[in-house]
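For reference, the chains in residue letters:
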Amino acid sequence: MKRIQLLLWLPALLLANYTFGQGKAVISGKISNPLSDEITVITYPNPLIPEDKETTVELTGNTFKLEIPVTGTTLAELVHGDEVVPVYLEPGYDLTLNFNGNKFLKTIGFEGKGANENNYLAQYTRRFDEVEDYQVLPDNIKLDEEEFTEFLDYRRKDQLKYLEKYKGKNPVSDAFNTFALSEINYSYANDKVNYPAMRFRVGASKKYVAPSARFYSFLKELDPNKGLAISPAYINFLRNYAAHLAKAAGISETAPDYYKQSYTLVADKLQDNARLLAQAYILKLSVQKGHVGYTKEMLANYKASGGNTAVLTYLQTVQSQNAGNALGSLAPDFKLKSIDGTEVALSDLKGKVVYLNFWQAGCGLCLIELPHMQALTKQLQGKNVVFVNVGLDEDEEKWRHTVTTKQLLGTHLYLDGLDTDLAKEYNLKEVPAYFLIDQEGRFLSVKARIPSDREAVNDILRHLNNGQASSK
């Protein structure tokens, strides 16, 4: 079962400006044929800050009980062995979960307070996220704007009908109902605003073609300030809506003040927490792209306009850290042993775009991203891109076991832990860490999108297209 796309660099929690009562949620249950001797729930305490909080317990026999601090409605990840499932939590939830480790996703079922919400989430994901007919990629993006609108209208109608039918037999909380509607409506809106850019990036159109004014008429009926920040679809929409505003205003992504102008446009179109969330994301991109002067100005404005202190501190830290590996500078070369015993050097890969992933088999966030890394690698097979995965486990056998048993795709290299010269050269403080490197071995991004981000593939395709154009 695929997860709803949680944005781990934009964690699915409300902004800290929102106030909630303290509380907890409980998940207990029994596992037949367990995959390991422990079970973990991962939550993300603060928007835009890639820090997770893990609640882990060891199995007692085959049973477990987890008590998770919950300060408001949130999405989290339940991890057992190499398997992951999304869970929706509210303060006071008391869930019972039973499953067979050998048939993890097929046997997942919830009972107790919060069961209806989580069973809907699992069933919705299987029905709509795993059925290709409901996906924009790879085929529906090729439709013209009228056919594409018909496809999205049909999908949303079917999703809303499914939600109402489910609620008729299985009542859910008002908060979850609002979340579910946000996912449906902002998935529709996000795919609409992203349509022309995505068509161009995947080669469905030879040049960027703006749709008709009628295509965007839905924006007049949609309030971009009303989405829920726990909704990944809403977060995706805000990001692409900001890009849409810039495109509509005729601002080129290559303009030196692109992010400054985008920041100002967002301030004019969005309010309150929606504005702060979108502006913080633009700030993060500006930091990553090395726009130092404009970033300082925007950081000062963000602080003065009520931006979250913790997010501000994080962005300032990221700006300081990125000074060492600036965009456009050569990525530190290395030569490491691969899973088959041969040596591979980064410099050997010149002429290809490199998506570089530093990870550990013992890292919860890394395990969550593995299925998405597999899908991304498979989706771009045959393209001029290589996926290099550097394992940093101190236990080499654990790394080797994970790579071989899960039949991981891409190039797999081994480095003995984070406390190494190479890890320091790449300024690694934690994993997973992702980089994009161009055909000349220079950094395209020192904070590349994570594999579960739907825009990761578009970033790579855009750089591939740029490389092809510059070589002609």
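Structure's up top.
Rules used throughout
Residues numbered from 1 in each chain as written. Predicted model: local features only at pLDDT ≥ 70, side-chain atom pairs only at ≥ 80, totals over all residues. Heavy atoms only, no water. Pairing = 2+ DSSP bridges. Helix = DSSP H or I, 4+ residues; strand = E, 2+ residues; numbered from the N terminus. Axes fitted to C-alpha atoms, helices over the stretch in contact; angles between N-to-C directions. Contact = heavy atoms within 4.5 Å.

## Looking at the pairing of strand S13 (residues 411–414)
Right, on to step 1. As defined by bridge partners, strand S9 (residues 335–338) adjoins S13 across two bridges and the pair is classed as antiparallel. Its bridge partner being in S13, lysine 337 is matched across the sheet by tyrosine 414.
Right, on to step 2. Where strand S12 (residues 385–391) and S13 come together, four bridges link them in parallel fashion. Across the sheet, the residue bridging to glycine 391 is tyrosine 414, located in S13.

## Let's talk about unusual backbone geometry
Right, on to step 1. For the bond running from leucine 137 to proline 138, omega is 5°, close enough to zero to count as cis.
Right, on to step 2. With respect to the element layout, proline 138 can be found in the loop between helix H2 (115–129) and helix H3 (145–169).
Right, on to step 3. Looking along the chain, the bond that leaves valine 431 and enters proline 432 is cis, with omega of 5°.
Right, on to step 4. Take proline 432: it is sitting in the loop between helix H12 (421–425) and strand S14 (433–437).

## Overview of the environment of alanine 189
Right, on to step 1. Tracing the sequence through the fold places alanine 189 in helix H4 (residues 174–201).
Right, on to step 2. Once the C-alpha coordinates of alanine 189 and leucine 238 are considered, the two residues, 49 residues apart in sequence, prove to be 9.7 Å apart.

## With respect to the sheet that holds strand S4 (residues 63–69)
Either a parallel or an antiparallel arrangement is found when strands of a sheet pair, and the pairing is made through backbone hydrogen bonds.
Right, on to step 1. If you walk across this open sheet you meet the four strands as S4-S1-S7-S8, and the pairing is mixed. In this open sheet, the two strands that pair with only one neighbour each are S4 and strand S8 (109–113). The average angle at which neighbouring strand axes cross in this sheet is 20°, direction not considered.
Right, on to step 2. In the sheet, strand S7 (residues 94–100) pairs with S8 via five bridges, with the strands oriented antiparallel. By the bridge assignment for S8, leucine 97 is matched with phenylalanine 110.
Right, on to step 3. H2 rests against S7 and S8 of the sheet, and its axis sits at about 155° to S8.

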